[in-house]
Amino acid sequence: MTYPQVRPRRLRRNAAARRLVTETRLSPAELVLPLFVREGLSEPRAVPSLPGVVQHSRDSLRKAATEAVAAGVGGLMLFGVPQRRDAVGSPGTDPHGVLNVAIADVVAEVGDATVVMSDLCLDEFTDHGHCGVLAGDGTVDNDATLLRYEEMALAQATAGAHMLGLSGMMDGQVGAVRRALDATGHADVAILAYAAKYASACYGPFRDAVEATLQGDRKTYQQDPANAREALREVALDVAEGADVVMVKPALPYLDVVAAVAGAVDVPVAAYQVSGEYAMVEAAAANGWLDREAMMLETLTAIRRAGAQIVLTYWATEAARHLR
Ligand code: PBG
C-alpha cells in the first residue's frame, strides 16, 4: 500500500497555514479609488448602474477623500462632470472648471496623505463626447488633441495634482505631456499612462456616471480586445516617452495582458477594475447569486496575482477597511 508523501493539502489545513504560504497579499496602500465630482450639485447623486457610487458635490467629495485616506487607500483618481461642454472641451482647461477645482479641494483636504490623481482626457468635457478634438471630417485629430492635453496637464498640475492619468489613447500623449510639465516647472508631477486601454463594453456604467454624450464608439483610438501583443507595443512607447506607471484597462477580462505587461517592463503596473466589472458583481450579488464580499476580495486578489501592483477599484475604501 503506497500513500502519497507529497501532500500540498498540509499547507491548507487551517487558516494559519494558508496565511503563512499565501503568495498574494492585498493591502490598502495599493488600492486607488476613482471619484466623480459633478458641477452644480449640492448633494451627492446616486449612479443607478454603479450601486454604491455617487456623483459627488464639492463637499461630499472632500468627505469621501478623507474617508478613503482614513482607510489607508493609496490613491484617489478624480473625474469631473461639467454642466456645459463644447467642441474643444474648454471646461477641462479652465482653472475654474469642475475637475481643476476638485483637485485643489482634495489636495487642500488630504495634502500628501495619499496620491491625488486626475483623469486627463477630453471626453467628459467635449459636447461630442470623444476623447479628443475633431478634424473637419469628424475623425479624432491626434496632434491637435495633444495640444489640448498639454494645456489640461498644466491646469491640473497647477491645481496641485500629484499624478496625471492620461486616458485618451492618443499617440504621443505621454511624451507631449511630459515635455509640457517639465517646461513649466512641474517636473515632479508623475504620469500614470493608460497604456493598454481597450475599446471595451465594460465602460457602460462609467459613461452613465460622467453623463457621456458619445454617439458611436472609440475604436479608432482604444485597442481592439482581440490584441495582446499590441499592448506590449503601446506600453513600450509610453515607457520610452516617460510614463512613471503604466496601466492596463479593463482588468479581469485582460489578466493575460496584465501578466505580459508586468513581465515586460520595470515601471509599476496598474490595472483598472472598471465600472462594468464592478457592476456585474454588484448586480449578481443584489440578486443573491454571488457572495459580494468574497467576489470583491477574489477579483482584487486575482488582479494582483496577475502582476498588477496597483489596482483602481470602486471598492477601494470598503476593501481597504476589510484589509486593515
Ligand atoms: C475615458 C475613460 C473611460 C473610463 C475612464 N476614463 C472609458 C471610456 O469612456 O472610454 C472607464 C472607467 C470605467 O469604466 O470605470 N477617458
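All values reported here derive from a predicted model rather than from experimental measurement.

Asks: Tell me about the site of the ligand, and name the residues and values.
Replies: In the vicinity of the ligand there are 17 residues, among which Arg207, Arg218, Lys249, Ser275 and Tyr314 approach most closely. In the model, an oxygen atom of the ligand is placed 2.5 Å from a nitrogen or oxygen of the Tyr314 side chain. For the ligand, whose free accessible area comes to 400 Å², the fraction covered by protein is 100%. At a threshold of 2 Å from the grid points, most atoms of the ligand map onto the largest cavity.

Asks: Just give me the short version of a nonpolar patch on the surface, but keep the residues and values in it.
Replies: A cluster of nonpolar side chains, Leu11, Leu20 and Val21, forms an exposed patch at the surface whose accessible area comes to about 300 Å². Here Leu11 lies in the segment before α1 (15-21).

Asks: Would you mind going over the environment of His96 in detail, with residue names and values included?
Replies: Note on placement: His96 falls in the loop between β4 (75-81) and α3 (98-110). Along the chain, His96 and Ala159 lie 63 residues apart, while their C-alpha atoms are 9.7 Å from each other.

Asks: Could you give an account of the environment of Glu39, naming the residues involved and the relevant values?
Replies: The residue Glu39 is located in the loop between β1 (31-38) and β2 (45-46) in this model. A residue is classified by how much of its surface remains accessible, and Glu39, at 26% relative accessible area, is partly exposed. Separated by 217 residues in the primary sequence, Glu39 and Asp256 place their C-alpha atoms 38 Å from one another. Setting aside chain neighbours within four positions, we find Glu39 in contact with Val81, Pro82, Gln83, Arg84 and Val98.

Asks: Quick rundown of the state of the cysteines? Include the residues and the values.
Replies: If you walk through the whole model with that rule in mind, you get zero disulfides. Considering cysteine sulfurs only, Cys131 is the nearest to Cys121, which forms no disulfide, with 3.4 Å between them.

Asks: Describe the side chain of Thr93, naming the residues involved and giving the relevant values.
Replies: Mapped onto the elements, Thr93 comes out in the loop between β4 and α3. Thr93 gets classed as buried once you look at its relative accessible area, which sits at 18%. When neighbours within four sequence positions are excluded, Thr93 is seen to be in contact with Asn100, Arg148, Glu151, Met152 and Ala155.

Asks: Describe helix α9 (residues 275-286), with residues and values.
Replies: Taking 1.5 Å as the rise per residue, α9 with 12 residues should run 16 Å; its terminal C-alpha atoms sit 16 Å apart, in good agreement. Burial runs high along α9: nine of the 12 residues are buried. Among all positions in α9, only Ser275, Gly276, Glu277, Tyr278, Ala279, Val281, Glu282, Ala284 and Ala285 are buried. Looking at the buried residues of α9, the elements they touch are α6 (204-209), β9 (269-272) and α10 (292-305).

Asks: Could you give an account of the packing of aromatic side chains, with specific residues and numbers?
Replies: Taken as a whole and judged by the stated rule, the model has nine aromatic pairs. Between Phe79 and Phe206, the ring centres sit 5.1 Å apart and the planes meet at 80°, which makes this aromatic pair edge-to-face. Placement of the pair is Phe79 in strand β4 and Phe206 in helix α6, with a sequence separation of 127 residues. For Phe206, a relative accessible area of 12% translates into the label buried. Linked through ring pairs, Phe36, Phe79, Tyr194, Phe206, Tyr272, Tyr278, Tyr314 and Trp315 together constitute an aromatic cluster. Above the ring of Tyr203, the side-chain terminus of Lys197 is found at 5.8 Å from the ring centroid. The ring of Tyr203 has Lys249 lying over it, and the distance from NZ or CZ to the ring centre is 5.0 Å.

Asks: Kindly report on the pattern of salt bridges, identifying the contributing residues and their values.
Replies: Opposite charge on two side chains allows them to pair when their charged atoms are near. Enumeration according to the criterion identifies 14 salt bridges in this entry. For Arg45, the salt bridge is made with Glu211, and the minimal N-O distance between the two is 3.8 Å. Taken together, the positions of Arg45 in strand β2 and Glu211 in the loop between α6 and α7 (229-241) put the pair 166 residues apart, joining distant regions of the chain. The exposure class of Arg45 is partly exposed, given its relative accessible area of 38%. By relative accessible area, which is 28% here, Glu211 ends up partly exposed. In this structure, the salt-bridge partner of Arg178 is Asp182, at a minimum N-O distance of 2.9 Å. Of this pair, Arg178 and Asp182 both sit in helix α5 (residues 173-183), four residues apart, which is roughly one turn of that helix. Residue Arg178 is classed as buried on the basis of its relative accessible area of 12%.

Asks: Any details on empty space enclosed by the protein? Residues and values, ideally.
Replies: Taken as a whole, this structure holds one cavity of 30 Å³ or more when the rule is applied. Here the largest cavity is characterised by a volume of approximately 120 Å³. If you trace the largest cavity, you find 18 residues lining it, with Asp123, Lys197, Tyr203, Phe206 and Lys249 closest to the centre. Listed by contribution, the elements that provide at least two residues to the lining of the largest cavity are β7 (190-197) and α6. Its residues assigned to classes, the lining of the largest cavity comprises eight nonpolar, three polar and seven charged.

Basis of the calculations
Residues numbered from 1 in each chain as written. Predicted model: local features only at pLDDT ≥ 70, side-chain atom pairs only at ≥ 80, totals over all residues. Heavy atoms only, no water. Near = heavy atom within 4 Å. Polar contact = N/O pair within 3.5 Å; in protein donor to acceptor, adjacent residues only side chain to side chain. Areas by Shrake-Rupley, 256 points an atom, 1.4 Å probe, with all protein chains shown as cover. 1 Å grid on protein atoms, 1.4 Å probe; cavity = no way out; pocket = protein on both sides within 12 Å on 5 of 7 lines; lining within 4 Å. Sits in = over half its atoms within 2 Å of the grid points. Patch = residues over 30% accessible without salt bridge, like charges linked within 9 Å, V, L, I, M, F, W, Y side chains within 5 Å. Salt bridge = Lys/Arg side-chain N within 4 Å of Asp/Glu carboxyl O. Helix = DSSP H or I, 4+ residues; strand = E, 2+ residues; numbered from the N terminus. Buried < 20%, exposed > 50% of the residue type's maximum accessible area, 1.4 Å probe, protein only. Contact = heavy atoms within 4.5 Å. Disulfide = S-S within 2.5 Å. Expected span 1.5 Å × (residues − 1). Phe/Tyr/Trp six-rings, centres within 6.5 Å; stacked < 30°, edge-to-face > 60°. Lys NZ or Arg CZ within 6 Å of the ring centre and 35° of its normal. Points joined across faces, edges and corners; volume = space filled by probe spheres on them. Nonpolar A, V, L, I, M, F, W, Y, C, P; charged D, E, K, R; others polar.

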